[in-house]
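Summary of structural features
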Amino acid sequence: MGNSWTELIFADVQQDTPQYLCMDRDGFYLCTVGLRDGCFAEQDMQRVDLGRARIFMAAAFNKAMASLNELETGCVEIVQPCN
């Protein structure tokens, strides 16, 4: 396992369960992260090709931009954190 590596490429955290696009020596995959035996571990891994990886990143980016546009136009009520 000396040649084993994984790189986080992109994260979509605007979901109830954040999803991550990662890359390893075998290519791209989507996954979530959860607790397993008291440690954080990848779950629900799904291999994807480059086209699907691009779609994932574009969709997450578009959601983020829509949120920013809503904030800019004042169409969204912002909930203030408790102090």
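Residues numbered from 1 in each chain as written. Predicted model: local features only at pLDDT ≥ 70, side-chain atom pairs only at ≥ 80, totals over all residues. Heavy atoms only, no water.

**What to know about helix H1 (residues 50-73)**
As a reminder of what qualifies: The helix count covers DSSP runs of H or I at least four residues long, the strand count covers runs of E at least two residues long, and both are numbered beginning at the N terminus. Expected helix span is computed as 1.5 Å times (number of residues minus one). Buried residues are those whose accessible area, probed at 1.4 Å on protein chains only, stays under 20% of the maximum for their type, while exposed residues exceed 50% and partly exposed ones sit between those limits.
Its 24 residues give H1 an end-to-end C-alpha distance of 34 Å, which sits within 8% of 34 Å, the value for a rise of 1.5 Å per residue. All of the buried residues in H1 are Ala-53, Phe-56 and Ala-60.

**Quick word on the side chain of Asp-12**
The condition that has to hold: Two residues form a contact once any of their heavy atoms are found within 4.5 Å.
If you trace the backbone, Asp-12 turns up in strand S1 (residues 6-12). The exposure class assigned to Asp-12 is buried, which follows from its relative accessible area of 5%. Among all residues touching Asp-12, those that are not within four sequence positions of it are Pro-18, Gln-19, Phe-56, Ala-60 and Lys-63.

**Structural notes on the pairing of strand S3 (residues 27-36)**
Put simply, the rule reads: In this description, strands pair whenever DSSP reports at least two bridges between them.
Where strand S2 (residues 19-24) lies against S3, five bridges are found, and the strand directions are antiparallel. Across the sheet, residue Cys-22 finds its bridge partner in S3, namely Tyr-29. Counting the residues between successive antiparallel strands, the hairpin from S2 to S3 contains two residues. Where S3 and strand S4 (residues 39-48) come together, eight bridges link them in antiparallel fashion. Along S4, the bridge assignment pairs Leu-35 with Phe-40.

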